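Each chain is listed here by its residues.
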Amino acid sequence: MVQADPFENATKQLHDACDILGIKDEGLREYLAMPNKVLRVKIPVKMDNGKIRVFTGFRSQHNNDRGPYKGGIRYFDPEGGVKYMEREVMALSAWMTWKSSIADIPLGGGKGGIFVNPRTEKLSKGELERLTRRFAFMISEIIGPQKDVPAPDVYTAGDEMSQIMDTFGKLHGNTHQPGVITGKPINMGGSLARNVATGLGTAYCVREAAKTLKLGLKGATVVLQGFGNASTFAGEYLEKMGCKIIGASDSKGDIINTEGMDMKKLLKWKKKKGTVVGFPGSKKVSTEKLLTTKCDILIPGALENQITAKIAQKIKCKIIGEAANGPTLPEADPILYKKKIIVIPDILANAGGVTISYYEWVQNNMGYYWTFDEVATKMEGHLVRGFNDTYEMSTKKKVDMRRAAMALAVKRVVEAFELRGLWP
Ligand code: NAD
C-alpha cells in the first residue's frame, strides 16, 4: 500500500490555516512549511557479535521563533523505509511547533529518531545503549538546553533520555546539563506529574468544553477508547470531576455498562486479567458500537484513524476529547462540526504532556523542583487558555476547533517571526 506523504499532509494543514488567517505571502508560507534544518546522520555501532552495523538517524528542527526546538526521538522502522521516516519526522516536527504554540509554551518544534525497531530486532541492552550514545554524539552540536530539547517518543523512554543527557554533558566539558532533554526519570531530574500529564490535560480541556455547553459533569457519561497511559488518566480525572465511565476498550476488545464502571476496579481488573474485557457487569461490544454509544463525552485515546465519516454519522456524544494522536479522519471533521459536537483536537487535548515537559526543562534550568500540585496547576492554566483561545477563534472564524487550533498556533508563530525580523 502506498502511504500518504505525512509532510505533504502537514503542509496542506498549514496552507489551510494561512487561508483562515488571510496570509497570502507565498514566501512566508514556505518559511512556515519547511523545517529550518533536517540533519541526517550515519550511526556506526559495534554489535555484540563484533561486527559493525550502520544505522540512519534524523533530527528535524522545524521552527524556533518562539523558543528552542522541542520534540521526541523515536526508534522505529515505518513501512515506507528510511526515506519515509525522513518525511515523517519533518511532519512531526512541524506539528510540534504548532502544539507548543497552542499550549503557549516558549518552545518550538523538533522531532527525530533512528530507523530501527528495537522490539522486533531484539537489540541487546548494550547494543541499544551504544546506539543511543553514538546518536547523541552525532546530534550533539545541534541540541542543547537553549537550542533543541528532545524527549521520549515511540520505543524510547527514561533510559535513553538519561544516556543522551549523560553523553551530551560529557561532550561539553563533563557538565551536568539535565535541561538538554526531558522525559527523564524523576531521579535524573524528571518532573512530577509527567506520568499523568496527557490524560489530566485532556480532562481539563473536556471540563472547559462542558462549560461552553452548560453541561454539568456530575453524572455526565464517558466512553474511553484504549486503556493505556493517556486514556486511563483522562478517565480517572474525569471520574474525579463527577463523570461516569460507561465504556472502555483495549486491543483485546470493547466493553459497555451504561450503569457506570468504577475506574479503580476497572484498572485492577485490567492489571489482573490483562484486558478490560470480562469486567463484571459489562457486556462486550464491537468497536463501532463503543464509539457510537450514546454518551456525553467520547475519549478516543488509543489509535489513529478511528472516527471515519461512517462512524461520525452515527456518533451520539456532545464532546470528543482526542487524547490520542490523529484519531479522526479529515472526512469526519465537517460531519462532526455540522452535528455541533465539540471536538477538542489532539494538538490541544493531548498537549498536557509537552506542557509538563516544558516545566521539566524550566525546573532543570533553575535547579529547583516543584511539587506535583504546583506542576499540575501550572499546566492547567495553559490548557484552559488554549481551549478558550481556540474556542474563540472557532467562533470568530466560523471554523471547526481543529482548524481554529491550527490557525491560532500559526498566528502566534507568525507574530514571533515578525517581531524578530529577518537577520542577517
Ligand atoms: P499506551 O501504550 O499506554 O496505551 C495504548 C492503549 O491502546 C492500550 O491500552 C492498548 O491496549 C490500546 N489499544 C491498542 N489497540 C487497540 C484497539 N485496536 N482498540 C482499542 N484499544 C487499543 O499509549 P499512550 O501513551 O496512552 O498513547 C495513546 C495515544 O495517545 C497515542 O496516539 C499517543 O500518540 C497519544 N499520546 C500520548 C501521550 C503520552 O504522554 N502518553 C502524549 C501525547 C499523545
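Here, the structure is the one placed above.
Here's what I pulled together on the structure shown here. Everything quoted here is computed from the prediction, not taken from an experiment.

1. What to know about the overall build of the chain
Thought 1: When helices and strands are tallied, the chain shows 15 helices and twelve strands.
Thought 2: Seen through its principal axes, the chain has C-alpha atoms that stretch 60 × 55 × 50 Å.
Thought 3: Buried positions account for 58% of the 424 residues belonging to the chain.
Thought 4: A sequence separation of at least 24 residues applies to 68% of the contacts in the chain between residues at least 6 apart.

2. Quick word on the pairing of strand β1 (residues 37–46)
Thought 1: For β1 and strand β2 (residues 52–63), the ladder comprises ten bridges, and the chain directions are antiparallel. The partner of Lys42 across the bridge, within β2, is Thr56.

3. A short note on the nonpolar core
Thought 1: The biggest cluster of nonpolar side chains holds 83 residues, and the ones touching the most others in it are Leu32, Trp98, Ile297, Ile299, Ile344 and Val410.
Thought 2: The greatest single-element share of this core, amounting to eleven residues, is contributed by helix α15 (residues 401–420).

4. Quick look at the site of the ligand
Thought 1: Residues in contact with the ligand amount to 17 residues; listed here are only the nearest, Thr198, Phe227, Asn229, Ala230 and Asn325.
Thought 2: One of the backbone N or O atoms of Phe227 is found 3.1 Å from an oxygen atom in the ligand.
Thought 3: In this structure, an oxygen atom belonging to the ligand sits 2.9 Å away from a main-chain N or O atom of Asn229.
Thought 4: Of all the secondary structure elements, the ones that give two or more residues to the shell around the ligand are α7 (229–240) and β7 (244–250).

5. A short note on the sheet that holds strand β3 (residues 69–76)
Thought 1: On the basis of which strands lie adjacent, the open sheet formed by five strands has the order β1-β2-β4-β3-β5 and mixed pairing. Each edge of the open sheet carries a strand with a single partner, namely β1 and β5 (148–152). Strand-to-strand twist in this sheet, taken as the mean axis angle between neighbours without regard to direction, amounts to 25°.

6. Digging into a positive patch on the surface
Thought 1: Together, Lys265, Lys268, Lys272 and Lys273 make up a positively charged patch on the protein surface.
Thought 2: With respect to the helices and strands, the residue Lys265 is situated in helix α8 (residues 263–273).

7. Overview of the packing of aromatic side chains
Thought 1: In the structure shown here, the tally under the stated rule is seven aromatic pairs.
Thought 2: With 6.1 Å between their ring centres and 40° between their planes, Tyr358 and Trp361 make a pair best called tilted. With Tyr358 and Trp361 both in helix α13 (residues 352–366) and three residues apart, the pair spans about one turn of that helix. Here Tyr358 matches Trp361 in class, with each residue buried.
Thought 3: A ring pair is formed by Phe387 and Tyr391, whose centres lie 5.9 Å apart and whose planes are at 15°; its orientation type is stacked. Highlighted residues: Phe387 and Tyr391, both in helix α14 (residues 372–397), separated by four residues, approximately one helical turn.
Thought 4: Judged by relative accessible area, which is 31%, Tyr391 ranks as partly exposed.

8. Regarding α15
Thought 1: With 20 residues, α15 extends 29 Å between its outermost C-alpha atoms, agreeing within 8% with the 28 Å of an ideal straight helix rising 1.5 Å per residue.
Thought 2: Burial analysis of α15 places 14 of its 20 residues in the buried class, which makes it a mostly covered element.
Thought 3: After α15 finishes, the residue Gly421 shows a positive phi value of roughly 75°.

9. Remarks on the sheet that holds strand β8 (residues 253–261)
Thought 1: Sheet architecture is open: seven strands sit in the order β9-β8-β7-β6-β10-β11-β12, paired in mixed fashion. Because the sheet does not close on itself, it has two edges, and the strands there are β9 (283–285) and β12 (342–344). The average angle at which neighbouring strand axes cross in this sheet is 20°, direction not considered.
Thought 2: With three bridges connecting them, β8 and β9 associate as antiparallel partners. For Ile256, the partnering residue across the bridge sits in β9 and is Lys283.
Thought 3: Its contacts with the sheet place α7 against β6 (221–225), β7, β8 and β10 (297–300), and it is angled at close to 170° to β6.

10. Things to note about the pattern of salt bridges
Thought 1: Counted according to the given criterion, the structure contains 28 salt bridges.
Thought 2: Among the ionic pairs, Arg207 bridges to Glu208, the shortest N-O distance being 3.1 Å. Residue Arg207 shares its accessibility class with Glu208, and that shared class is buried.
Thought 3: The network of salt bridges with common partners includes Arg74, Glu88, Lys111 and Asp153.

Rules used throughout
- Residues numbered from 1 in each chain as written.
- Predicted model: local features only at pLDDT ≥ 70, side-chain atom pairs only at ≥ 80, totals over all residues.
- Heavy atoms only, no water.
- Helix = DSSP H or I, 4+ residues; strand = E, 2+ residues; numbered from the N terminus.
- Buried < 20%, exposed > 50% of the residue type's maximum accessible area, 1.4 Å probe, protein only.
- Contact = heavy atoms within 4.5 Å.
- Pairing = 2+ DSSP bridges.
- Core = buried A, V, L, I, M, F, W, Y, C linked by side-chain atoms within 4.5 Å.
- Near = heavy atom within 4 Å.
- Polar contact = N/O pair within 3.5 Å; in protein donor to acceptor, adjacent residues only side chain to side chain.
- Axes fitted to C-alpha atoms, helices over the stretch in contact; angles between N-to-C directions.
- Patch = residues over 30% accessible without salt bridge, like charges linked within 9 Å, V, L, I, M, F, W, Y side chains within 5 Å.
- Areas by Shrake-Rupley, 256 points an atom, 1.4 Å probe, with all protein chains shown as cover.
- Salt bridge = Lys/Arg side-chain N within 4 Å of Asp/Glu carboxyl O.
- Lys, Arg positive; Asp, Glu negative; His and termini not counted.
- Charge placed at Lys NZ, Arg CZ, Asp CG, Glu CD.
- Phe/Tyr/Trp six-rings, centres within 6.5 Å; stacked < 30°, edge-to-face > 60°.
- Expected span 1.5 Å × (residues − 1).

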